[in-house]
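Next come the chains, spelled out residue by residue.
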Amino acid sequence: MDSTTECIKKPLSVLSALFAAVVCVFLAVALREIPDEPGGLTAAAAAEIPRSGVEHPVTAVLLNFRVYDTWLEVGVLLMAAMGMLLFQRRSDLRDIRLMPSPEPVLHWLVRLLFPMLVLVSGYLLWMGKFAAGGAFQAGVVLGSGGVLLWLAGHPSLTNFPGRLFRSLLIVGFLSFLLASIANMAFGQAILAFPPAYAGTIILILEAAATLSIAATVSALIIGLQPVVRDRDRAPIHVPSD
Amino acid sequence: MSQYQFYSLAGMVLFALGLHALVILPHILRKILSINIMAGGVFLFLISIAARNFEDFPDPVPQAMLLTGVVVALSATAFAVALARRIYTVTGRSELDEEDRVP
């Protein structure tokens, strides 16, 4: 039994367990109220898919029917990244401490895997049109590529220009904003894409969101590392083949 | 009990477990993990409700909410960890309990 378990107050623990059990029972009772037959918005989505510009229902919901929601979620990601950068007092990833990389095999493997991750990410993005895939999946795969570079101590991260990094962070949110302004300029409702161009607009929005999500996810994970001063920086060493 | 009800119930149990842990564990990291377990329960519930007895395809709206929700949960967790680190650097403590309120 560790110290954390010891300092738990006994009465509080019993009370909280009871409360959680009651919540669980209430939720289970509520579950019985849900009708067994399929319902929800499946039929409404199915009817509108031909006008959405994509073939996959989830992508249609994400990037067309409920695009406002997705836009704001990209905004939440941007805010999380900005908050983290604020707390760490940094504006880019140029001063992070890279993991030391004594293993030439790891270095070689990451150099092999990273381009493949970029390829997989691009394919996932393209796949969103007709199957499960799209901006969020592609962005997380690409972001994990950034984390992989950091884990292998690859110097390309610390050489990444700060201005470009910040542009990548905002490009997703910005493209949704521009799309809505352009839509209104052409006399449409704020995010109601015309069916003729919806496919193209969605692909552009998804590509921009992918870049932003990738930058955000990798920045949130890597950016928590302490700052290094220039003279502490590990010497950049890339083994040749 | 049909399949979706089983998964929904599992999600609810996860939610309740996370709620209990959130209340009783004083360490901030454990609280963050508890919130993540609660989120996992909500995700499991949403996806199982979306897929109940479907015909052509499962209800895409909960799926879309979940897809963005997973990425947002990841980012919120990372931000929470950044906050926890900041609390640790400023106060030297990483637990929230009654003693914290003593000035």
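Residues numbered from 1 in each chain as written. Chains lettered and ligands numbered in written order. Predicted model: local features only at pLDDT ≥ 70, side-chain atom pairs only at ≥ 80, totals over all residues. Heavy atoms only, no water.

## With respect to the domain arrangement of chain A
Selection rule: Each domain's limits were defined by an automated method or a database of domain assignments.
When the domains of chain A are assigned, the result is domain 1 (1-34) and domain 2 (45-232). Spacing between the C-alpha centres of domain 1 of chain A and domain 2 of chain A amounts to 38 Å.

## Some thoughts on unusual backbone geometry
Residue and element names in this part refer to chain A. Selection rule: Going along the chain from the N terminus, every DSSP run of H or I of four or more residues is numbered as a helix, and every run of E of two or more is numbered as a strand. For every residue, the accessible area obtained with a 1.4 Å probe (protein chains only) is divided by the maximum for its type, and the residue is called buried under 20%, exposed over 50%, and partly exposed between those limits.
Located in the positive-phi region is R89, a residue other than glycine, with phi close to 50 degrees. Within the secondary structure layout, R89 lies in the loop between helix 5 (67-87) and helix 6 (104-127). Accessibility expressed as a relative area gives 64% for R89, which makes it exposed.

## Things to note about empty space enclosed by the protein
Note the cut-off: Points on a 1 Å grid, built from protein atoms alone, make a cavity when a 1.4 Å probe fits but cannot get out and make a pocket when they are open with protein on both sides within 12 Å along at least 5 of 7 lines; residues with an atom within 4 Å of a point are the lining residues. Grid points are joined across faces, edges and corners, and a volume is the space filled by probe spheres set on the points. Each residue gets one of three labels, nonpolar for Ala, Val, Leu, Ile, Met, Phe, Trp, Tyr, Cys and Pro, charged for Asp, Glu, Lys and Arg, and polar for the others, Gly among them.
As enumerated under the stated definition, the model contains one cavity of 30 Å³ or more in all. Size it by volume and the largest cavity reaches roughly 40 Å³. Forming the boundary of the largest cavity are V61, L62, R66, D69, T70 and E73 of chain A together with A64, M65 and T68 of chain B. Mapped onto the lining of the largest cavity, the elements with two or more residues apiece are helix 4 (57-65) and helix 5 of chain A together with helix 3 (60-91) of chain B. Taken together, the residues of the lining of the largest cavity break down into four nonpolar, two polar and three charged.

## Description of the pattern of salt bridges
Residues and elements named next belong to chain A. Rules: Salt bridge, as applied in this entry: a Lys or Arg side-chain nitrogen positioned within 4 Å of an Asp or Glu carboxyl oxygen.
What the rule picks out here adds up to four salt bridges over all chains. The shortest N-O distance in the salt bridge between D69 and R66 comes to 2.8 Å. Exposure remark for R66: the relative accessible area of 31% places this residue in the partly exposed category. Here R166 makes a salt bridge to D92, at a shortest N to O gap of 3.9 Å. Here R166 is found in helix 8 (residues 162-185), whereas its partner D92 is found in the loop between helix 5 and helix 6, with 74 residues between them in sequence. For D92, a relative accessible area of 13% puts it in the buried group.

## Structural notes on the nonpolar core
Basically, it comes down to this: Side-chain atoms within 4.5 Å are what join buried Ala, Val, Leu, Ile, Met, Phe, Trp, Tyr and Cys residues into a set we call a nonpolar core. Any two residues whose heavy atoms approach within 4.5 Å at even a single point are treated as in contact.
Core analysis: the largest hydrophobic core is formed by 29 residues, its most contacted members being F136, F176, F193, L205 and I213 of chain A. When residues of this core are traced back to their parent elements, those giving at least two are helix 4, helix 5, helix 7 (135-151), helix 8 and helix 9 (198-222) of chain A together with helix 3 of chain B. Excluding anything up to four places from it in sequence, F193 of chain A contacts L63, N64, V67, A179, N183, A198, I201 and L205 of chain A. Grouped together as the second largest cluster of nonpolar side chains are 23 residues, A81, L85, V147 and L220 of chain A included.

## Things to note about the packing of aromatic side chains
Residue and element names in this part refer to chain A. For clarity, the cut-off: Only centres within 6.5 Å qualify two rings of Phe, Tyr or Trp (six-membered ring in Trp) as a pair; their planes then separate them into stacked at under 30 degrees, edge-to-face at over 60, and tilted for everything else.
In total, this model carries four aromatic pairs over all chains according to the counting rule given. Note on Y68 and W71: the rings are 6.0 Å apart at their centroids and 75 degrees apart in plane angle, and the pair reads as edge-to-face. Of the two residues, Y68 and W71 are both situated in helix 5; the distance of three residues between them amounts to about one turn of the helix. When its relative accessible area of 49% is taken as the criterion, Y68 is described as partly exposed. Look at W71 and you get buried, because its relative accessible area is 8%.

## Some points on a nonpolar patch on the surface
All names here are of chain A. Keep this limit in mind: Patch membership needs two things, relative accessible area over 30% and no salt bridge, and members are linked within 9 Å if like-charged or within 5 Å if nonpolar (Val, Leu, Ile, Met, Phe, Trp, Tyr). Note on areas: these come from Shrake-Rupley sampling with a 1.4 Å probe, and a residue is covered only by the protein chains present in the view.
A cluster of nonpolar side chains, contributed by V105, W108, L109, L112, L113 and M116, occupies part of the molecular surface with about 560 Å² of accessible area. With respect to the helices and strands, M116 occurs in helix 6. Take M116: its relative accessible area is 46%, and that puts it in the partly exposed class.

## Details of the interface of chain B and chain A
For clarity, the cut-off: Throughout, buried area stands for the accessible area (probe radius 1.4 Å) lost by two parts on being put together, summed over both. Throughout this description, a polar contact denotes any pair of N or O atoms lying within 3.5 Å of each other; where both atoms belong to protein, one of them has to be capable of donating a hydrogen while the other can accept it, and for residues adjacent in sequence the pair is counted only when both atoms sit in side chains.
Chain B puts 44 residues into the contact, and the matching count from chain A is 50 residues. A combined buried area of about 4,200 Å² lies between chain B and chain A, and 75% of that area is made up of carbon and sulfur atoms. At the surface where chain B touches chain A, the tally comes to zero salt bridges. The interface formed by chain B and chain A contains six residue pairs in polar contact (both at pLDDT 80 or more). Here the side of chain B that touches chain A takes 18 residues from helix 3 of chain B, the largest share from any one element.

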